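Each chain is listed here by its residues.
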Amino acid sequence: GATKQSDVLGQLAQIGASACYGLAPVMANRLLKKQHITTQSAALMLLADIVIWMGAFAFEPVKFPVQVASWAGLLWLAVLASTAANLIYFTLLRAWGATRSGMVSYAIPVVGLTIGALLGEAISQQLILGGALVLLGIAVVNKR
């Protein structure tokens, strides 16, 4: 019953997220190409916030953090992780185009794997091979 339904909803969410990763650079390049990079980034963040807040209120009881460390973490994610990343992303989108800049998404797991290794997580040979294949794929597609 409920488990199968939540499994299906989770799988649909993953498919939707994957589709968004593929569509986002193309749509951003088409719709926002003539806008300044900060406007592009702000538009993306505003749209993402609207979607996330709608989902948050629809599916979960929203509880705001009370600890200072939690607010510091949120501020870090908002200002540095999201804002800086989006400014860099839209700079790449303008310089490289939608196809090449969209490949940045493929590198995210490799970056996470590398950070995990630096923090002492156990990394298997399969993960190293998978990361190498991702980087090789990016290199092959970008070869001129």
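Everything that follows concerns the structure shown earlier in this document.
Cut-offs and rules
Residues numbered from 1 in each chain as written. Predicted model: local features only at pLDDT ≥ 70, side-chain atom pairs only at ≥ 80, totals over all residues. Heavy atoms only, no water. Helix = DSSP H or I, 4+ residues; strand = E, 2+ residues; numbered from the N terminus. Expected span 1.5 Å × (residues − 1). Buried < 20%, exposed > 50% of the residue type's maximum accessible area, 1.4 Å probe, protein only. Core = buried A, V, L, I, M, F, W, Y, C linked by side-chain atoms within 4.5 Å. Contact = heavy atoms within 4.5 Å. Axes fitted to C-alpha atoms, helices over the stretch in contact; angles between N-to-C directions. Parallel < 35°, antiparallel > 145°, perpendicular 65-115°, else oblique. Left-handed = near helix turned anticlockwise from the far one by under 90°. Phe/Tyr/Trp six-rings, centres within 6.5 Å; stacked < 30°, edge-to-face > 60°. Lys NZ or Arg CZ within 6 Å of the ring centre and 35° of its normal.

A look at helix α2 (residues 37-59)
For α2, with 23 residues, the first-to-last C-alpha span of 33 Å sits near the 33 Å given by 1.5 Å per residue. Where α2 is concerned, the buried positions are I37, Q40 and S41.

Quick word on the nonpolar core
Of all hydrophobic cores here, the largest spans six residues; its members are A28, I37, Y89, F90, L93 and A98. In terms of residues, this core owes the most to one element, helix α3 (residues 68-96), which gives three residues. Not counting chain neighbours up to four residues away, the residues in contact with A28 comprise K33, F90 and L93.

Considering the packing of α2 against α3
The geometry of α2 relative to α3 is characterised by a closest axis approach of 9 Å and an angle of 125° between their N-to-C directions. Classified by the angle their axes make, α2 and α3 are oblique. For α2 against α3, the interelement crossing comes out right-handed. Residues I37, T38, Q40, S41, L44 and M45 of α2 form the contact with α3, whose participating residues are S82, T83, N86, L87, F90, T91 and R94.

Examining the side chain of N86
Residue position: N86 is located in helix α3. Judged by its relative accessible area of 11%, N86 is buried. Those residues within four positions of N86 in sequence are excluded, and the remaining contacts are S41, L44 and M45.

Thoughts on the environment of L93
With respect to the secondary-structure elements, L93 resides in helix α3. By relative accessible area, L93 is classed as buried at 3%. Distance from L93 to G130, taken between C-alpha atoms, is 26 Å for residues 37 residues apart in sequence.

A few points about the packing of aromatic side chains
Under the criterion given, the structure shown has three aromatic pairs. These aromatic residues form a ring-pair network of at least three members: W53, F57 and F64. Cation over ring: R100 sits above W96, and NZ or CZ is 5.3 Å from the ring centre.

Scope: geometric values only; no functional claims are made or implied.
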